[in-house]
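Notes for the structure review
Take a look at the letters that make up each chain.
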Amino acid sequence: EGEGPHPVVIVIHGGCWLAEYDLGYMSAFADALTAAGVATWSIEYRRVGDEGGGWPGTFQDVAEAADHLFEIASEYGLDLDRVAAVGHSAGGHLALWLAGRKCLDVDDPLRGGDPIALNGVVALAGIPDLAAYAAPEGCGSAVPGLLGGEPLEIQDRLVRASPIAMVPFGVSQTLVIGEHDSIVPKSQAE
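So, a few notes on the structure that sits alongside this text. (Residues numbered from 1 in each chain as written. Predicted model: local features only at pLDDT ≥ 70, side-chain atom pairs only at ≥ 80, totals over all residues. Heavy atoms only, no water.)

**Points about the packing of aromatic side chains**
Per the stated rule, a full pass over the model turns up 3 aromatic pairs. Note on Trp17 and Tyr133: the rings are 6.3 Å apart at their centroids and 70 degrees apart in plane angle, and the pair reads as edge-to-face. On the criterion of sequence distance, the pair formed by Trp17 in the loop between strand E1 (6-12) and helix H1 (27-35) and Tyr133 in helix H5 (residues 130-133) is long-range, its members being 116 residues apart. For Tyr133, a relative accessible area of 5% corresponds to the buried category. The rings of Trp55, Phe59 and Trp97 are connected pair by pair, giving a single aromatic cluster. The cationic tip of Arg47 hangs over the ring face of Tyr45; the distance from NZ or CZ to the ring centre is 5.9 Å. (Phe/Tyr/Trp six-rings, centres within 6.5 Å; stacked < 30°, edge-to-face > 60°. Helix = DSSP H or I, 4+ residues; strand = E, 2+ residues; numbered from the N terminus. Buried < 20%, exposed > 50% of the residue type's maximum accessible area, 1.4 Å probe, protein only. Lys NZ or Arg CZ within 6 Å of the ring centre and 35° of its normal.)

**Observations concerning unusual backbone geometry**
A negative phi angle characterises most non-glycine residues, just as the trans form characterises most peptide bonds. Here the bond from Gly4 into Pro5 is cis, since omega is 10 degrees, no more than 30 degrees from zero. Mapped onto the secondary structure, Pro5 falls in the segment before E1. Here the amide bond leading from Trp55 into Pro56 is cis, since omega sits at -10 degrees, within 30 degrees of zero.

**Some points on the state of the cysteines**
Linking two cysteines covalently via their sulfur atoms produces the bond known as a disulfide. Counted under the stated rule, the structure contains 1 disulfide. There is a disulfide in this structure between Cys16 and Cys139, and the S-S distance comes to 1.5 Å. In this pair, Cys16 is assigned in the loop between E1 and H1 and Cys139 in the loop between H5 and helix H6 (143-147), connecting sequence segments 123 residues apart. Each of the two residues, Cys16 as well as Cys139, counts as buried. (Disulfide = S-S within 2.5 Å.)

**Points about the sheet that holds strand E2 (residues 39-43)**
The strands making up a sheet associate through backbone hydrogen bonding, with each pair oriented either parallel or antiparallel. Strand order across the open sheet formed by 5 strands is E2-E1-E3-E4-E5, with parallel pairing between neighbours. The sheet terminates laterally at E2 and strand E5 (172-176), the two strands that pair on one side only. Strand after strand, the sheet turns through a mean of 20 degrees between neighbouring axes, direction not considered. Direction of pairing for strand E3 (residues 78-88) relative to strand E4 (residues 120-124): parallel, over a ladder of 5 bridges. By the bridge assignment for E4, Val86 is matched with Val122. Here helix H2 (residues 57-67) sits on the sheet and contacts E1 and E2; the angle it forms with E2, its principal contact strand, is near 155 degrees. (Pairing = 2+ DSSP bridges. Axes fitted to C-alpha atoms, helices over the stretch in contact; angles between N-to-C directions. Contact = heavy atoms within 4.5 Å.)

**Looking at the side chain of Asp67**
If you trace the backbone, Asp67 turns up in helix H2. The exposure class of Asp67 is buried, given its relative accessible area of 18%. Of note is the side chain of Asp67, whose polar atom sits 2.5 Å from the side chain of Arg101. Among the polar contacts listed, one links the side chain of Asp67 to the backbone nitrogen of Ile116, at a separation of 2.9 Å. In this structure, Asp67 is in contact with Arg101, Asp114, Pro115 and Ile116, ignoring residues within four places of it in sequence. (Polar contact = N/O pair within 3.5 Å; in protein donor to acceptor, adjacent residues only side chain to side chain.)

**Details of the layout of surface pockets**
By volume, the largest pocket is sized at about 190 Å³. As for the largest pocket, its lining consists of His6, Val8, Thr34, Ala39, Thr40, Trp41, Leu69, Ile72, Tyr76 and Leu78. Secondary structure elements with two or more residues in the lining of the largest pocket: E1, E2 and helix H3 (69-76). Among the residues forming the lining of the largest pocket, the class breakdown is 7 nonpolar, 3 polar and no charged. In this structure, the second largest pocket spans a volume of roughly 150 Å³. Residue lining of the second largest pocket: 13 residues in total, with Pro128, Ile164, Leu175, Gln188 and Glu190 positioned closest to the centre. (1 Å grid on protein atoms, 1.4 Å probe; cavity = no way out; pocket = protein on both sides within 12 Å on 5 of 7 lines; lining within 4 Å. Points joined across faces, edges and corners; volume = space filled by probe spheres on them. Nonpolar A, V, L, I, M, F, W, Y, C, P; charged D, E, K, R; others polar.)

If you want it as structure tokens, here you go:
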């Protein structure tokens, strides 16, 4: 409420990058941030199983959704000097990727011309290392679908999609993974 300028949090849902999961389960989280006085921008994206999901559609959607803040900032009184991203699981991966995408080559279409600048990222059970996470079981089995092939066989995509390959990207990062998380091992945050 009010004229702002309001700090902004881009909220990115997870769900193993798969089509059957959408932003609905993050709604209460986004509402809580809004109630605390932060403008929230909960984004949706094409996922594995959606037409155009995976490589490169998922990444294009996340980049375009984040950069859309430039177009709506004045209408909603958004402070684009105070933007952070928060994501859960696959969304944590995408939040970290969003912070690192400015490190991609200037002519890389995934980078975009002038990426939104983030002040920080919080990855809740996020996945910064796609190659280490890829496994035949659990959510790791979705990584080849996300990349359009086995990570180690498509290094060109892996280095453009895996946040660990983009560091350092000069943005504060907080990675939170439960000691006994059965989906994302704590090694992803170490």
